[in-house]
Amino acid sequence: SWKSSNVVVTDSLFEKNFFDGVAYYDSIEISTTDCIMRDNQFAGISLDNDLVDLAFTRCLVEANGDVGVFARNTKGLRFLDCTFLESSDWAVFLAHDLENFGVHEAEFEGCQFEENRGGVFMASVDDAQSSGTRVLNSTFVGNEDSGRGNIVTSGSTIVEVSNAYLSTKTLVSASE
């Protein structure tokens, strides 16, 4: 998407794409429900360039070559009852761009993060770059390969982790 609004994507399969499964950019109000993003060369889901109000519900993000989700320069990102499996890198990688526009108000509720090389990584270093990330009622199992953790931050605050099952490590900073 580029400069789109009120987009609805349902019951779709995005598989074995050269780059990303889905890529949403510079748009507002996108809803993605009951979709599968699997075995794409880079990200299952790529989100960037001033996105506002996105919702992913009951999606499966599986076995992507890089990350399950790459996001930066977004506000109002919600994942509800989604499953992130077997990403070659992080299940979710949240970052900021060169102008320090990061991820604000991201929420993961009722999600499963399993057998990824790492769980959720907040790469932004302060709350001006990215803020308001919440992880609620979610399960993390087997996301600690190469010494990585389930929920890791480089400095931006993960404002809430509640009722989350973390297989071993809890919230850690990237410097630990």
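Note: the structure precedes this text.
Residues numbered from 1 in each chain as written. Predicted model: local features only at pLDDT ≥ 70, side-chain atom pairs only at ≥ 80, totals over all residues. Heavy atoms only, no water.

Things to note about the side chain of Thr133
Examined against the element boundaries, Thr133 turns out to sit in strand S16 (residues 133-136). Residue Thr133 is classed as buried on the basis of its relative accessible area, which comes to 0%. In this view, Thr133 contacts Leu94, Ala106, Phe108, Met122, Thr157, Ile158, Val159 and Glu160; residues no more than four positions away in its chain are not counted. (Helix = DSSP H or I, 4+ residues; strand = E, 2+ residues; numbered from the N terminus. Buried < 20%, exposed > 50% of the residue type's maximum accessible area, 1.4 Å probe, protein only. Contact = heavy atoms within 4.5 Å.)

Here's the deal with the layout of surface pockets
Taken as a whole, the largest pocket holds about 170 Å³ of empty space. Phe19, Asp20, Tyr25, Phe42, Ala43, Ser46, Asp66, Val67, Phe70, Asp89 and Phe93 together form the lining of the largest pocket. Per-class residue counts for the lining of the largest pocket are seven nonpolar, one polar and three charged. (1 Å grid on protein atoms, 1.4 Å probe; cavity = no way out; pocket = protein on both sides within 12 Å on 5 of 7 lines; lining within 4 Å. Points joined across faces, edges and corners; volume = space filled by probe spheres on them. Nonpolar A, V, L, I, M, F, W, Y, C, P; charged D, E, K, R; others polar.)

Structural notes on the side chain of Thr57
Tracing the backbone through its elements, the reader meets Thr57 in strand S7 (residues 51-57). Excluding residues that lie within four positions of it along the chain, Thr57 makes contacts with Thr32, Thr33, Asp34, Leu80 and Cys82.

Digging into the packing of aromatic side chains
This structure, assessed with the given rule, holds 14 aromatic pairs. Ring plane angle 35° and centroid distance 4.5 Å describe the contact between Phe19 and Phe42, whose orientation is recorded as tilted. Residue Phe19 is located in the loop between strand S2 (13-15) and strand S3 (22-25), and its partner Phe42 is located in the loop between strand S5 (36-38) and strand S6 (45-48); the two are separated by 23 residues in the primary sequence. On the basis of relative accessibility, which here comes to 31%, the residue Phe42 falls in the partly exposed class. Each ring, one from Trp90 and one from Phe121, has its centre 4.8 Å from the other, and the planes form 20°; the classification is stacked. Taken together, the positions of Trp90 in strand S12 (residues 90-94) and Phe121 in strand S15 (residues 118-122) put the pair 31 residues apart, joining distant regions of the chain. Just as Trp90 is buried, Phe121 falls in that class too. Ring pairing ties together the aromatic residues Tyr24, Phe56, Phe79, Phe84, Phe108, Phe113 and Phe140, which thus form one cluster. (Phe/Tyr/Trp six-rings, centres within 6.5 Å; stacked < 30°, edge-to-face > 60°.)

Structural notes on the environment of Phe101
With respect to the helices, strands and loops of the structure, Phe101 is situated in the loop between S12 and strand S13 (103-109). For Phe101, a relative accessible area of 46% gives the class partly exposed. When the C-alpha atoms of Phe101 and Phe70 are compared, they prove to be 14 Å apart, with 31 residues separating the residues in sequence. When residues no more than four places from it in sequence are discounted, the contact partners of Phe101 are Arg72, Asn73, Ala95, His96 and Gln129.

Side note on the pattern of salt bridges
Applying the stated criterion to the full structure yields 11 salt bridges. A salt bridge links Asp48 to Arg72; the shortest N-O distance between them is 2.6 Å. Taken together, the positions of Asp48 in strand S6 and Arg72 in the loop between strand S9 (69-71) and strand S10 (74-80) put the pair 24 residues apart, joining distant regions of the chain. For Asp48, a relative accessible area of 5% gives the class buried. For Arg72, a relative accessible area of 28% puts it in the partly exposed group. When the shortest N-O distance is used, the salt bridge between Asp89 and Arg148 registers 2.3 Å. Separated by 59 residues along the polypeptide, Asp89 in the loop between strand S11 (83-85) and S12 and Arg148 in the loop between strand S17 (139-141) and strand S18 (151-153) bring together distant segments of the chain. Both residues of the pair, Asp89 and Arg148, count as buried. (Salt bridge = Lys/Arg side-chain N within 4 Å of Asp/Glu carboxyl O.)

By themselves, these observations are geometric and do not establish any function.
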